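Residue strings, one per chain:
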Amino acid sequence: SFKEATPYGMVYVKRGSFLMGPNDQSAIGSVNEKSINVTVDAFWMDETEITNDEYKQFVQWVRDSVARRALVMAGREDFIRTSRNQTYDDLDPEVAPLNWKTKIPWDSNDEEVSDILSFMYYQGDDMLSTKKELNPAVLQYRYEWLNYDQAAASQNKYDVNTGAYPPNATVRVDTSYVDEFGVIRHETITRQLTSRRDLISSKIVNIYPDTIMWIRDFQYSYNDPRMNMYFSHQGYAQYPVVGVTWDQAEAFCNWRTG
């Protein structure tokens, strides 16, 4: 029989079901909604909470991928992974696979390289000292998923005889983009279904945790040290990560299982 290997540090939660809906008659005699039986498929779950150290791996991966993509867009061919029969000119630099073996020249004295990576640091009035500080606003993670519910709609059934979708087929999907002011915008759009690519939804998430929450949520307690150290100091590496939104948690799960 099939048996899935246990992922490192995770536990298996078995499949189960429960009755969802009212379990008692209304006191005023109104018509109750019928209860339904809901089944939850089996899944893997982390044995413990996600730690600062584990989430920091995600942050550093996004940081490095943003820097590598910027170098690729600037013409640095050594940061693109090409196959034997491909060259830099054969690939679209916006989506070409990154070469993770090439070291990022963070401390390079080359002015051209420094200019390329300068957008990743605070500039102008946002700088609090002469020391370069990473700007968390640039740590944006983009991911995609296939909308099976839209693909399964009867009006969108693919015709294997003609090799096409119906002429009037449309899909409703989510999309994200960064506007001219650098703000992430989320929209739900309806578009014509002409290819499988039209079934894809995308999302952009800024993934840096909210480190100010120690003061915002606990304003009557002395939590300044935790605000400055909880996510960054190695002493808190095995503590649970905090200040993470639902969208950031979903992005982390997508990255971890991708």
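First, a word on scope: everything that follows refers to the structure included in this document.

The rules behind these values
- Residues numbered from 1 in each chain as written.
- Predicted model: local features only at pLDDT ≥ 70, side-chain atom pairs only at ≥ 80, totals over all residues.
- Heavy atoms only, no water.
- Salt bridge = Lys/Arg side-chain N within 4 Å of Asp/Glu carboxyl O.
- Helix = DSSP H or I, 4+ residues; strand = E, 2+ residues; numbered from the N terminus.
- Buried < 20%, exposed > 50% of the residue type's maximum accessible area, 1.4 Å probe, protein only.
- Expected span 1.5 Å × (residues − 1).
- 1 Å grid on protein atoms, 1.4 Å probe; cavity = no way out; pocket = protein on both sides within 12 Å on 5 of 7 lines; lining within 4 Å.
- Points joined across faces, edges and corners; volume = space filled by probe spheres on them.
- Nonpolar A, V, L, I, M, F, W, Y, C, P; charged D, E, K, R; others polar.
- Polar contact = N/O pair within 3.5 Å; in protein donor to acceptor, adjacent residues only side chain to side chain.
- Phe/Tyr/Trp six-rings, centres within 6.5 Å; stacked < 30°, edge-to-face > 60°.
- Lys NZ or Arg CZ within 6 Å of the ring centre and 35° of its normal.
- Arc of directions from axis to C-beta.
- Contact = heavy atoms within 4.5 Å.

**Things to note about the pattern of salt bridges**
Opposite charge on two side chains lets them pair, provided their charged atoms get close.
At step 1: Tallying each qualifying case throughout the model produces eight salt bridges.
At step 2: One salt bridge connects lysine 203 with aspartate 247, and the closest N-O pair in it is separated by 2.9 Å. With lysine 203 in strand E8 (residues 200–206) and aspartate 247 in helix H6 (residues 246–257), this pair connects stretches of sequence that are 44 residues apart.
At step 3: The class for aspartate 247 is partly exposed, based on a relative accessible area of 30%.
At step 4: The network of salt bridges with common partners includes Arg142, Glu144 and Arg197.

**Comments concerning helix H1 (residues 52–73)**
At step 1: Look at H1: 31 Å from first C-alpha to last across 22 residues, which is about the 32 Å you get at 1.5 Å a residue.
At step 2: One or two residues past the end of H1 sits glycine 75, with phi positive at roughly 100°.

**As for the layout of surface pockets**
Take a probe with the size of a water molecule and roll it over the atoms, and the empty space left behind shows itself.
At step 1: Each pocket or cavity is described by its volume, and for the largest pocket that value is around 920 Å³.
At step 2: As for the largest pocket, its lining consists of 20 residues, of which Ser65, Arg69, Glu94, Gln140 and Arg142 are closest to the centre.
At step 3: Elements with a contribution of two residues or more to the lining of the largest pocket: H1 and strand E5 (140–146).
At step 4: In terms of residue count, the dominant contributor to the lining of the largest pocket is H1 (six residues).
At step 5: When its residues are assigned to classes, the lining of the largest pocket shows 14 nonpolar, two polar and four charged.
At step 6: Lining of the second largest pocket is provided by 22 residues; of these, Glu133, Leu134, Pro136, Tyr208 and Ser232 occupy positions nearest its centre.
At step 7: Of all the secondary-structure elements, those providing two or more residues to the lining of the second largest pocket are H1 and helix H5 (224–229).
At step 8: Across the lining of the second largest pocket, the residue classes break down as 12 nonpolar, four polar and six charged.

**Some points on the environment of aspartate 110**
At step 1: With respect to the helices, strands and loops of the structure, aspartate 110 is situated in the loop between H1 and helix H2 (111–117).
At step 2: A distance of 2.9 Å separates a polar atom in the side chain of aspartate 110 from the backbone nitrogen of glutamate 112.

**Some points on the packing of aromatic side chains**
At step 1: Enumeration according to the criterion identifies 19 aromatic pairs in this entry.
At step 2: For the ring pair tyrosine 158 and tyrosine 165, a centre distance of 5.0 Å and an interplane angle of 70° mean the geometry is edge-to-face.
At step 3: Given the relative accessible area of 39%, tyrosine 158 is considered partly exposed.
At step 4: An aromatic cluster is built from Tyr55, Phe58, Trp61, Trp100, Tyr141, Tyr143, Trp145, Tyr208, Phe231, Phe252 and Trp255, whose rings are joined through pairwise contacts.
At step 5: Positioned above the aromatic ring of phenylalanine 231 is the side chain of lysine 56, whose terminal nitrogen or guanidinium carbon lies 5.5 Å from the ring centre.
At step 6: Just above the ring of tyrosine 121 sits the side chain of lysine 132; from NZ or CZ to the centre is 4.6 Å.

**Side note on H6**
At step 1: Counted at 1.5 Å a residue, the expected span for H6 with its 12 residues is 16 Å, and the 17 Å between its end C-alpha atoms agrees.
At step 2: Buried within H6 we find Gln248, Ala251, Phe252 and Trp255. Here the buried residues of H6 occupy an arc of 100° about the axis, which is enough to place them on one side. Across from the buried face of H6, at angles greater than 90 degrees, the exposed residues are Trp246 and Thr257.
At step 3: Those residues of H6 that are buried lie in contact with H1, E5 and E8.

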